[in-house]
Amino acid sequence: MADVDDFDRFANEVAEWLIEKYGEYQDPMMMGGVLMRATMELYLSRLSEDDMHNLLDIVSESIPTIREQQVARSQHLHQGNKILH
């Protein structure tokens, strides 16, 4: 299992790649859909269908927390910058 340093490094690399690709595609709904499908395929390679449903329940419960973090991050950016999630 990856440690916190690997998680942070991978998250930063993905964020940089997404920012670059956002400039090319400029469609966060399409990009998110593709990433969500890829994420689900990665999880399903290790989880049973029931475990995947449980994981999605947990993810859906975290939406308010993620939204709060999104708002907090956006308050620290200069006006006009885009945030990708």
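Just above, that's the structure.
Residues numbered from 1 in each chain as written. Predicted model: local features only at pLDDT ≥ 70, side-chain atom pairs only at ≥ 80, totals over all residues. Heavy atoms only, no water.

Trainee: Looking at this model, I keep getting lost on the overall build of the protein chain. Mind explaining?
Mentor: The number of helices and strands found in the protein chain is four helices and zero strands. Evaluated residue by residue, the protein chain yields a buried proportion of 6% over its 85 residues. Element-wise, carbon and sulfur atoms account for 57% of the exposed surface of the protein chain, whose accessible area totals about 7,800 Å². (Helix = DSSP H or I, 4+ residues; strand = E, 2+ residues; numbered from the N terminus. Buried < 20%, exposed > 50% of the residue type's maximum accessible area, 1.4 Å probe, protein only. Areas by Shrake-Rupley, 256 points an atom, 1.4 Å probe, with all protein chains shown as cover.)

Trainee: Please explain a nonpolar patch on the surface as it appears in this structure.
Mentor: Taken together, Tyr25, Met30 and Val34 make up a surface patch of nonpolar side chains, about 290 Å² in accessible area. As for its placement among the helices and strands, Met30 is situated in helix 2 (residues 28–44). (Patch = residues over 30% accessible without salt bridge, like charges linked within 9 Å, V, L, I, M, F, W, Y side chains within 5 Å. Salt bridge = Lys/Arg side-chain N within 4 Å of Asp/Glu carboxyl O.)

Trainee: Would you mind going over helix 1 (residues 4–25) with me for this structure?
Mentor: Each α-helix turn comprises 3.6 residues. Residues three or four places apart therefore point the same way. Relative to the 32 Å expected for 22 residues at 1.5 Å per residue, helix 1 spans 30 Å between its end C-alpha atoms, a close match to the ideal helical length. Every buried residue of helix 1 is listed here: Leu18, Lys21 and Tyr22. Angular distribution of buried residues about the axis of helix 1 spans 105°; they occupy a single face of the element. Counted as exposed and oriented over 90 degrees from the buried face of helix 1: Asp5, Arg9, Glu16, Ile19, Glu20 and Glu24. The inward-facing, buried residues of helix 1 contact helix 2. One side-chain oxygen of the residue at the start of helix 1 lies 3.2 Å from the amide nitrogen of Asp5, identifying that residue as Asp3. Positioned one or two residues after helix 1, Gln26 has a phi angle of 50°, which is positive. (Expected span 1.5 Å × (residues − 1). Arc of directions from axis to C-beta. Contact = heavy atoms within 4.5 Å. Polar contact = N/O pair within 3.5 Å; in protein donor to acceptor, adjacent residues only side chain to side chain.)

Trainee: Looking at this structure, I do not really get the pattern of salt bridges. What am I missing?
Mentor: When their charged atoms lie close together, side chains carrying opposite charge are able to pair. For the structure on display, the rule yields four salt bridges. The residue Arg37 makes a salt bridge to Glu41 at a minimum N-O spacing of 2.8 Å. Here Arg37 and its partner Glu41 are both found in helix 2, four residues apart, which amounts to about one turn of the helix. Judged by its relative accessible area of 46%, Glu41 falls in the partly exposed class. When salt bridges with common partners are traced through the structure, they connect Asp6, Arg9 and Glu13 into a single cluster.

Trainee: Just to check I follow, could you spell out the packing of helix 1 against helix 2 for this structure?
Mentor: Each pair of packed helices gets described by two things: the angle between the helix axes and the distance between those axes. It is at 10 Å that the axes of helix 1 and helix 2 come closest, and there the two elements cross at 135°. Here helix 1 lies oblique to helix 2, going by the angle between them. In the packing of helix 1 onto helix 2, the handedness of the crossing is right-handed. Seen from helix 1, the contacting residues are Trp17, Leu18, Lys21, Tyr22 and Tyr25; seen from helix 2, they are Pro28, Met30, Met31 and Leu35. Grouping the constituent residues of the contact of helix 1 with helix 2 by class yields eight nonpolar, no polar and one charged. (Axes fitted to C-alpha atoms, helices over the stretch in contact; angles between N-to-C directions. Parallel < 35°, antiparallel > 145°, perpendicular 65-115°, else oblique. Left-handed = near helix turned anticlockwise from the far one by under 90°. Nonpolar A, V, L, I, M, F, W, Y, C, P; charged D, E, K, R; others polar.)

Spatial relationships are all this shows, so hold off on functional conclusions.
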